[in-house]
Amino acid sequence: MDFGSHLIQQLINGISLGSVYALIALGYTMVYGIIKLINFAHGDIYMVGAYVGFFAITVAHMGIFPALIVSMVVTGLLGMVVERLAYKPLRHAPRISVLITAIGVSFFLEYGSMYFVSPTPRTFPRVFETEGLTIAGFTVNGQQLLIFAITLVLMVLLTYIVQYTKIGKAMRAVSFDTETAQLMGIDANRVISVTFGIGSALAAAGGVLVGVYYNSIDPLMGIMPGLKAFVAAVLGGIGIIPGAMAGGLILGIIEALVSGFISSTFRDAAAFAILILVLLFKPSGLFGKNTQEKV
Amino acid sequence: MAAMLDIKDINVYYGAIHAIKGISLTVNEGEIVTLIGANGAGKSTTLRTVSGLLTPKEGEIKFLGETISGLPAQDIVRAGISQVPEGRRIFANMTVMENLELGAYIRTDKEGIEKDYQMVFERFPRLAERKEQQAGTLSGGEQQMLAMGRALMSRPKLLLLDEPSMGLAPLLIREIFNIIVDINKAGTTVLLVEQNANMALSIANRAYVLETGRITLSGDAKELAASEDVRKAYLGG
Ligand SMILES: Nc1ncnc2c1ncn2[C@@H]1O[C@H](COP(=O)(O)OP(=O)(O)OP(=O)(O)O)[C@@H](O)[C@H]1O
Ligand SMILES: [Mg+2]
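Please read these numbers as outputs of a predicted model, since none were measured by experiment.

Student: What should I look at first to understand the overall build of chain A in this one?
Tutor: On a plain count of helices and strands, chain A comes out with 11 helices and 4 strands. Taken against the 2.2 N^0.38 rule, which gives 19 Å for 295 residues, the C-alpha radius of gyration of chain A at 19 Å falls within 12% of a compact globule. If you line up chain A on its principal axes, its C-alpha atoms span 60 × 45 × 35 Å. Out of the 295 residues in chain A, the part that is buried amounts to 53%. For chain A, restricting intrachain contacts to residue pairs at least 6 apart in sequence, the fraction spanning at least 24 positions comes to 77%. A total of about 13200 Å² of accessible surface is found on chain A, and carbon and sulfur atoms cover 71% of it.

Dropping the structure here:
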């Protein structure tokens, strides 16, 4: 294969991986936007989503699409429960307490899962065996097509909700100025809860898609993608929804290029190098305005 | 006749800071009542407590006979109290129209909401020309109008205004105050917080003077405007 086709093949791989990062990054960025919390348990929510999808397929014998929806609903509710039990009581606590709690929730989900579903990796069933596409010599396999399609649909849906629906406008209002939003009659607690629900559902979709793509899931599978998605969110500008989408895709593409042209051992290093560079040179991210944030 | 808003002996704290030290105040239906006082007297704290953003540690606030102190802010808006906060606090990253839509958040009567957009645009023609403009790019005066229009969109029975004249040119202040009088004539009761005591007293029926968390004077607005004490302290002689 010549350089050009190798490049295009890596771009296709990168967009698949990046789509999943973007789905997880959205939850990070939405939650940060609304309560200024880096929800370190978010990667584990994605892992739970993968398991819910796994059991929906293997135990309940669902097809991929029903399983995806069930996983999004169940995991979305889990996200809301976590918010209600772990974060809501700390609404007026110092940020560091909430951050530590998030790390606690993360361990709880990881090791709780090990207890309930065992630490051994599970083989995700091959539920999506469609032919890939071959265009001018490049293959996009069936799983990659599935990832592109689902991610696209979810992003369009999310953009519609945030821009045009009443709850979406309330989310933007609470995230911009919680007190004034309350003066409009908006129940900020409810809006925060819905935000966790939506963010968790998107991560769950990412979890199921990764299961389909890589065929293997385990209770610690959320750690690395969680960190990567955090990098993606920071790269795009934390708190900015289109930023998370773009940040995820860019990060996925960079990782694929590094794996394809240098060595896959440097893949993770590249991701974290990006985090360092962004924090050094443009902490507000690609889509962020350079404003001083009051902490 | 019972007062529309009845604040009874409330104490409000920020942590250890005792900001409101037992104030009582009433607003009757149809009135314009003004609360005047220097920086840090506790005017905004009083309004924020009425709106439910703060909870009094002691005392009680009644609105139309029902206790509202202790209710969450969104329930107080639903009860019929809307606030134009200090510094306007418009949603700068949203359009003028979206700001007004958020003002109507508690309502579901589509037709009534449409009518009220028209009412707001008639009252503030400058907003009508800028429906799709980002609110953050409006001038200070336009932002004040938007904040007032937004508050009216919930159809409040009682409108709380926190320093609407802040940072505006004299001509614009006059315009804003005329609009406040119009809003009141159209049936909305007004509680107006101001540092611009001259202007506030000129449109109000009654007034209260707040000093470091205590009400030191109250009465008919015209009489207070004429009183020696008030003239010395707040009206520049
Ligand atoms: N968030 C806060 N935390 C601690 N103290 C506060 C807070 N907000 C206000 N205060 C204090 O409460 C007192 C009353 O403040 P408030 O904002 O109600 O005054 P104000 O009369 O509205 O003044 P201004 O005319 O400057 O707006 C002040 O001493 C102020 O320092
Ligand atoms: Mg004030």
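Student: Would you explain a positive patch on the surface in this entry?
Tutor: Judged by side-chain charge, Lys-166 and Arg-190 of chain A together with Arg-78 and Lys-110 of chain B come together as a positively charged surface patch. Within the secondary structure, Arg-78 of chain B is located in helix α2 (residues 73–79). Note on Arg-78 of chain B: relative accessible area 47%, which makes it partly exposed.

Student: Looking at this structure, I do not really get the site of ligand 1. What am I missing?
Tutor: Residue and element names in this part refer to chain B. Residues in contact with ligand 1 amount to 14 residues; listed here are only the nearest, Asn-39, Lys-43, Ser-44, Thr-45 and Glu-86. One nitrogen or oxygen atom from the main chain of Ala-41 is found 3.2 Å from an oxygen atom belonging to ligand 1. Surface burial for ligand 1 is 62%, taken as the share of its 630 Å² of free accessible area covered by protein chains. At the level of secondary structure, the elements contributing two or more residues to the shell around ligand 1 comprise β2 (17–27) and α1 (43–50). Element by element, the count of residues in the shell around ligand 1 is highest for α1, at 3 residues. Residues belonging to the shell around ligand 1 are distributed by class as follows: 5 nonpolar, 6 polar and 3 charged.

Student: Explain the interface of chain B and chain A here, please?
Tutor: Where interface size is quoted, it is often the accessible area lost as the parts come together. With 23 residues of chain B at the interface, the matching set in chain A holds 18 residues. Both faces considered, chain B and chain A share a buried interface measuring about 2000 Å² in area, 59% of it formed by carbon and sulfur atoms. Summed over the three residues of chain B that lose the most area to chain A, namely Gln-74, Phe-91 and Tyr-105 of chain B, the buried surface amounts to 32% of that side. Here chain B is connected to chain A by 5 salt bridges. Notably, a salt bridge pairs Arg-48 of chain B with Glu-179 of chain A, separated by 2.8 Å at the nearest N-O pair.

Student: How should I be thinking about the sheet that holds β2 of chain B in this particular structure?
Tutor: Think of a sheet as strands paired side by side through backbone hydrogen bonds, with each pair either parallel or antiparallel. All names here are of chain B. In spatial order, the strands read β2-β1-β4-β5; together these 4 strands make up an open sheet with antiparallel pairing. If you trace the sheet from one side to the other, it starts and ends with β2 and β5 (66–67), each paired once. In the sheet, strand β4 (residues 58–63) pairs with β5 via 2 bridges, with the strands oriented antiparallel. Bridge pairing in β5 links Lys-62 to Thr-67. Across the sheet, α1 lies against β1 (5–14), β2 and β4, angled at about 115° from β1, the strand it touches most.

Student: Explain the nonpolar core here, please?
Tutor: For soluble globular proteins, nonpolar side chains are generally found buried alongside one another. In this structure, Leu-26, Tyr-87, Leu-158, Ile-186 and Leu-202 of chain A are the most contacted members of the largest nonpolar core, which totals 93 residues. Looking at which element gives the most residues to this core, the answer is helix α8 (residues 188–214) of chain A, with 15 residues. If near-sequence neighbours (up to four positions away) are discounted, Leu-158 of chain A is found in contact with Leu-26, Met-30, Ile-198, Leu-202, Ile-241 and Met-245 of chain A. Counting 46 residues, the second largest nonpolar core, distinct from the first, contains Phe-121, Met-145, Ile-203 and Val-230 of chain B.

Calculation rules
- Residues numbered from 1 in each chain as written.
- Chains lettered and ligands numbered in written order.
- Predicted model: local features only at pLDDT ≥ 70, side-chain atom pairs only at ≥ 80, totals over all residues.
- Heavy atoms only, no water.
- Helix = DSSP H or I, 4+ residues; strand = E, 2+ residues; numbered from the N terminus.
- Rg over C-alpha atoms; globule rule 2.2 N^0.38 Å.
- Buried < 20%, exposed > 50% of the residue type's maximum accessible area, 1.4 Å probe, protein only.
- Contact = heavy atoms within 4.5 Å.
- Areas by Shrake-Rupley, 256 points an atom, 1.4 Å probe, with all protein chains shown as cover.
- Patch = residues over 30% accessible without salt bridge, like charges linked within 9 Å, V, L, I, M, F, W, Y side chains within 5 Å.
- Salt bridge = Lys/Arg side-chain N within 4 Å of Asp/Glu carboxyl O.
- Lys, Arg positive; Asp, Glu negative; His and termini not counted.
- Charge placed at Lys NZ, Arg CZ, Asp CG, Glu CD.
- Near = heavy atom within 4 Å.
- Polar contact = N/O pair within 3.5 Å; in protein donor to acceptor, adjacent residues only side chain to side chain.
- Nonpolar A, V, L, I, M, F, W, Y, C, P; charged D, E, K, R; others polar.
- Buried area = accessible area lost by both parts, 1.4 Å probe.
- Pairing = 2+ DSSP bridges.
- Axes fitted to C-alpha atoms, helices over the stretch in contact; angles between N-to-C directions.
- Core = buried A, V, L, I, M, F, W, Y, C linked by side-chain atoms within 4.5 Å.

Purely geometric numbers; function is a separate question.
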